[in-house]
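Architecture and fold: a report
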Amino acid sequence: MIKAAVIGLNHIGLIHCGVYSDNPDVRLVAVCDLRGDLAERAAERFHAKAYTSVPEMLAAEEIDLVSVATGGLENGSHHREPALQAIEAGKDVLVEKPISNRLREAKEMVEAAGRKGVRLACNLNHRFVPAALKAKSWIDKGDLGTLLFLNMRLTIGNPNESTPWIHLRALHPHSFDVLRYFGGDVSRVQSFLTRAPGRGVWSTASINLEFASGAVGHLTGSYDMFGGHPIERCEAAGTGGRFVLDNVYERLTFYPKDREELRVFRNSIMSGARGFHDTFRYRLNAFVQEIKDDVPLDRIAGSGADALAVQRIIEAAILSHRENGSPVRVDEVGDDTPEGEE
């Protein structure tokens, strides 16, 4: 039985609590939030013990796994301290995305986990749905041949105006993680950003990618769309054919080269995702299984290192925009994340 704790008890943290509570291999033993009322309500709902101090919780409870679901600026600025506290206490840790909105902090967390010998994962949940796992198996089997291009679209409606870069840093860890999952490391980035009328943030993005493999790609992202529309589409193509993954998990279609028959993988109405919140179930349960199976640190899916890699791509895109759309090498992006707009 894996004993879990959740830090940060707003909407996303409560989803984590629910997933752990429903997993027969997990016992949710503690919940923690600076707001005592949130901690007490979550503790009563999920039959756990409430805390308002992370060090106190870690000292008092026997815990194997800690979820860090705090938020902050660009949804990531409050992750570092509780994650490092849990890591230093020797716990396996899963951090919400972005792992941090500051590269220096993300790198610090990854390095700390390596030193302590604990697993560090990030909630890059879009890659864990059955359709994405199937698509990856097609790539690994060689069904697509040599990859040539990958295209991604992720668009939702979000009126957040807190920082110029909220759209890129908060949303597109998902996009770039899916693209890296299918296509491997990204070597160069070129971005063009715009604002919708009345908006103060860079709310829509067109980003060109060059992968280390030589494949090319593109991301279209936006915070200006209606939330009821399909939010995501990913296309990967190679010398043997291409696939299209529609709306995160709903439908995956393979178009083989020189053949008219299609291969279709659809979300099961019996055992598949029942809604977007189920992507959290797939992701968190995958990490639980890795802990149970004693998977080595460097083989964790959606790891802290993966999360750091996608944040570095995002910072390369921001730097490209600052340099009027000039291509930027991802491996040349420093750890000092830019704060302002210009």
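That block above? That's the structure.
Residue positions are given per chain, counting from 1 as you read along its sequence in written order. Reporting in this predicted model follows two pLDDT cut-offs: at least 70 for local features of residues, and 80 or more for side-chain atom pairs to be given and counted; totals over whole chains, interfaces and linings ignore these cut-offs and use all residues. Side-chain metrics rest on all non-hydrogen atoms present in the structure, leaving aside hydrogens and water.

Here's the deal with the overall build of the protein
Going along the chain from the N terminus, every DSSP run of H or I of four or more residues is numbered as a helix, and every run of E of two or more is numbered as a strand. Broken down by element type, the protein carries 10 helices and 15 strands. The globule rule used for comparison is 2.2 Å times the number of residues to the exponent 0.38, while the radius of gyration itself is calculated over C-alpha atoms. For the protein, whose C-alpha radius of gyration is 20 Å, the value lies close to the compact-globule estimate of 20 Å for 342 residues. Dimensions of the protein, computed from the C-alpha atoms along their principal axes, are close to 60 × 50 × 40 Å. Counting the 342 residues in the protein, one finds 54% classified as buried. We call two residues in contact whenever any of their non-hydrogen atoms come within 4.5 Å of each other. Put simply, of all contacts in the protein between residues at least 6 apart along the chain, 67% involve residues at least 24 apart. To be clear on the numbers: accessible area is Shrake-Rupley with a 1.4 Å probe, and residue cover counts the displayed protein chains and nothing else. Put simply, the protein shows about 14,800 Å² of open surface, and 49% of that area lies on carbon and sulfur atoms. Positive and negative charge centroids in the protein, built from 40 and 47 side chains respectively, lie 3 Å apart. Relative accessible area decides the class of each residue, using a 1.4 Å probe on protein chains only: under 20% of the type maximum gives buried, over 50% gives exposed, and in between gives partly exposed. In this tally, Asp and Glu contribute negative charge and Lys and Arg positive charge; neither His nor the terminal groups of the chain are included. Charged groups are reduced to one reference atom each: NZ for lysine, CZ for arginine, CG for aspartic acid, CD for glutamic acid.

Re the packing of helix α4 (residues 80-88) against helix α5 (residues 103-116)
Taken N-terminus to C-terminus, the directions of α4 and α5 make an angle of 5°; their axes are 9 Å apart at the nearest point. Here α4 lies roughly parallel to α5, going by the angle between them. On the side of α4, the interface is formed by Arg80, Ala83, Leu84, Ile87 and Glu88, while α5 contributes Glu105, Glu108, Met109, Ala112, Ala113, Arg115 and Lys116. Ten residues, namely Ala, Val, Leu, Ile, Met, Phe, Trp, Tyr, Cys and Pro, are considered nonpolar, four, namely Asp, Glu, Lys and Arg, are considered charged, and the remaining ones, Gly among them, are considered polar. Looking at the contact of α4 with α5 residue by residue, the class counts come to 6 nonpolar, no polar and 6 charged. Helix axes are fitted only over the stretch in contact, all axes being lines through C-alpha atoms; the angle between N-to-C directions runs from 0 to 180 degrees. Any angle from 65 to 115 degrees is called roughly perpendicular, while one under 35 is roughly parallel, one over 145 is roughly antiparallel, and all others are oblique.

Comments concerning the environment of Val288
Looking at where Val288 falls in the secondary structure, it is placed in helix α9 (residues 278-292). For Val288, a relative accessible area of 1% puts it in the buried group. Sequence separation between Val288 and Val330 is 42 residues; the distance between their C-alpha atoms is 32 Å. Residues contacting Val288, with those up to four places away along its chain left out, are Ile2, Tyr20, Asn23, Val26 and Leu65.

Quick look at the pairing of strand β9 (residues 204-211)
Within a regular strand, side chains alternate between the sheet's two faces. Side chains Ala205, Ile207, Leu209 and Phe211 project from β9 onto a buried face, and the interleaved Thr204, Ser206, Asn208 and Glu210 project onto a face without burial. Here a strand pair is declared whenever DSSP counts at least two bridges between the two strands. Pairing analysis gives 8 bridges linking strand β8 (residues 186-194) to β9, with the strands arranged antiparallel. The partner of Leu193 across the bridge, within β9, is Ala205. Pairing analysis gives 7 bridges linking β9 to strand β10 (residues 216-222), with the strands arranged antiparallel. Note that in β10 the partner of Glu210 across the bridge is Val216. Remark: 4 residues form the turn of the hairpin made by β9 and β10, two consecutive strands paired antiparallel; Gly214 in that turn has positive phi of roughly 105°.

Some words on the packing of aromatic side chains
Two aromatic rings, drawn from Phe, Tyr or Trp (for Trp, its six-membered ring), form a pair once their centres lie within 6.5 Å of each other, and the interplanar angle then sorts them: stacked below 30 degrees, edge-to-face above 60, tilted otherwise. Counted by the stated rule, this structure contains 4 aromatic pairs. The interplanar angle of 75° and the centroid separation of 5.2 Å between the aromatic rings of Phe182 and Phe243 together place this pair among those described as edge-to-face. Taken together, the positions of Phe182 in helix α8 (residues 173-183) and Phe243 in strand β12 (residues 241-246) put the pair 61 residues apart, joining distant regions of the chain. Given the relative accessible area of 3%, Phe182 is considered buried. Of the residues examined, Phe243 reaches a relative accessible area of 0% and is grouped as buried. Above the plane of the ring of Tyr181 lies Lys136, whose end atom (NZ or CZ) is 5.5 Å from the centre. Taking NZ or CZ as reference, Arg281 lies 4.9 Å from the ring centre of Tyr282, over its face. Geometrically, a charge over a ring is one whose NZ (Lys) or CZ (Arg) sits within 6 Å of the ring centre while staying within 35 degrees of the ring normal.

Here's the deal with the side chain of Arg283
Tracing the backbone shows Arg283 in helix α9. Buried charge without a salt bridge: Arg283, with Glu290 as the nearest opposite-charge side chain at an N-O distance of 5.0 Å. Looking at Arg283, its side chain comes within polar contact range of the main-chain oxygen of Gly302, at 3.1 Å. Apart from the residues lying within four places of it in its own chain, the contact partners of Arg283 are Leu94, Ala121, Cys122, Asn123, Leu124, Asn125, Phe128, Ala301 and Gly302. The rule for a salt bridge is simple: a side-chain nitrogen of Lys or Arg has to be within 4 Å of a carboxyl oxygen of Asp or Glu. Under the rule applied, a polar contact is a pair of N or O atoms within 3.5 Å (in protein, one hydrogen donor and one hydrogen acceptor; residues adjacent in sequence only if both atoms are side-chain atoms).

Regarding the nonpolar core
In this structure, Met57, Phe176, Phe182, Val189, Ile207 and Phe243 are the most contacted members of the largest nonpolar core, which totals 84 residues. At 8 residues, helix α10 (residues 304-322) tops the list of elements feeding residues into this core. Aside from chain neighbours lying at most four places away, what touches Phe243 is Ala135, Trp138, Ile139, Leu144, Phe182, Cys234, Glu235, Ala236, Leu252, Thr253 and Phe254. By size, the runner-up hydrophobic cluster in this structure holds 27 residues, among which are Ala42, Leu65, Val295 and Ile300. Definition of nonpolar core: a set of buried residues of the types Ala, Val, Leu, Ile, Met, Phe, Trp, Tyr and Cys, connected through side-chain atoms within 4.5 Å.

Some points on the pattern of salt bridges
Close approach of charged atoms lets side chains of opposite charge pair. One pass over the structure, following the stated rule, counts 26 salt bridges. Taking the shortest distance from any N to any O, the salt bridge between Arg169 and Glu315 comes out at 2.8 Å. Here the residue Arg169 occupies a position in helix α7 (residues 166-171), and Glu315 occupies one in helix α10, the gap between them amounting to 146 residues. What makes Arg169 buried here is its relative accessible area of 0%.

None of this, on its own, says anything about what the molecule does.
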